[in-house]
Amino acid sequence: MGYGHGVVDANRYTSRIRAVHYSMDCDDGLNTEDYNHADLIVTGVSRIGKTPVCLYLAMHFGLFCANYPLILHDLSSEQLPHILRQHRGRIFGLTIDYDRLHTIRHERRPNSQYSNLQQCREEVQLSENLFREHNVPFINTTGVSIEEIATSILQRTGIRRQFLG
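A. Quick look at the pattern of salt bridges. The tally for this structure, following the rule as stated, stands at two salt bridges. In this structure, Arg105 engages Glu123 in a salt bridge whose closest nitrogen and oxygen atoms are separated by 2.7 Å. One end of the pair, Arg105, is in helix H5 (residues 98-108); the other, Glu123, is in helix H6 (residues 117-133), with 18 residues separating them in the sequence. Each member of the pair, Arg105 together with Glu123, is buried.

B. Summary view of the sheet that holds strand E4 (residues 138-140). The strand order E2-E1-E3-E4 describes an open sheet built from four strands, whose pairing is parallel. The open sheet has two edge strands with one neighbour each: strand E2 (65-69) and E4. The average angle at which neighbouring strand axes cross in this sheet is 25°, direction not considered. The pairing of strand E1 (residues 40-44) with strand E3 (residues 91-95) spans three bridges and is classified as parallel.

C. Quick peek at helix H1 (residues 10-25). The end-to-end C-alpha separation of H1 is 22 Å, in line with the 22 Å expected for 16 residues at 1.5 Å each. Among all positions of H1, only Ser15, Ala19, Val20, Tyr22 and Ser23 are buried. Buried residues along H1 cover an arc of 160° about the axis, so they all sit on one side. The inward-facing, buried residues of H1 contact helix H2 (50-61) and E2. Between a side-chain oxygen at the N-terminus of H1 and the backbone nitrogen of Asn11 the separation is 3.1 Å; the capping residue is Asp9.

D. The arrangement of the packing of aromatic side chains in detail. One pass over the structure, following the stated rule, counts three aromatic pairs. Ring centres of Phe131 and Phe138 lie 5.3 Å apart, and the angle between their planes is 35°; this geometry places the pair in the tilted category. In this pair, the class of Phe131 matches that of Phe138, namely buried. One Lys or Arg, Arg105, reaches over the ring of Tyr114 and ends 4.4 Å from the middle of that ring. In this structure, Arg109 packs its charged tip against the face of Tyr114, placed 4.4 Å from the ring centre.

E. Structural detail: the environment of Arg132. Examined against the element boundaries, Arg132 turns out to sit in helix H6. Using a relative accessible area of 48% as the deciding quantity, one classes Arg132 as partly exposed.

Analysis parameters
Residues numbered from 1 in each chain as written. Predicted model: local features only at pLDDT ≥ 70, side-chain atom pairs only at ≥ 80, totals over all residues. Heavy atoms only, no water. Salt bridge = Lys/Arg side-chain N within 4 Å of Asp/Glu carboxyl O. Helix = DSSP H or I, 4+ residues; strand = E, 2+ residues; numbered from the N terminus. Buried < 20%, exposed > 50% of the residue type's maximum accessible area, 1.4 Å probe, protein only. Pairing = 2+ DSSP bridges. Axes fitted to C-alpha atoms, helices over the stretch in contact; angles between N-to-C directions. Expected span 1.5 Å × (residues − 1). Arc of directions from axis to C-beta. Contact = heavy atoms within 4.5 Å. Polar contact = N/O pair within 3.5 Å; in protein donor to acceptor, adjacent residues only side chain to side chain. Phe/Tyr/Trp six-rings, centres within 6.5 Å; stacked < 30°, edge-to-face > 60°. Lys NZ or Arg CZ within 6 Å of the ring centre and 35° of its normal.

No statement about biological role is implied by the geometric values presented.
Shown next as structure tokens:
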């Protein structure tokens, strides 16, 4: 199966494809009831690279990665969202410099509250405070490639996926 396209290990290939499907199904806070199957749940504010990081980890390492966006309501409560508390050992946070977040969001929705510099600053500060308060490991993604982010996550968590058939 698939040998004409360079697929040497069909079980490994199938496992990676399942992981990609899982990451897409659990993208952006969808299907939180399936988080019990996650190897990793990436969280952080909107537009910091959660989806591409999850897809990269799924495609290259076969990890079942979900991602959960932290919204202002989550951040202002100073508590991890209930769904994340249930999976504390599998959470990893992403953050970004607030001026870079402002630039990214401004490209998406110019002159909106969403892209407002003060809003970006507040969300980043609150998310980092939340991560520190609840001992959630996190990294700053500013100027860092998806590959480097993924490598850092793997090194810091020690997560490895066994490829299953």
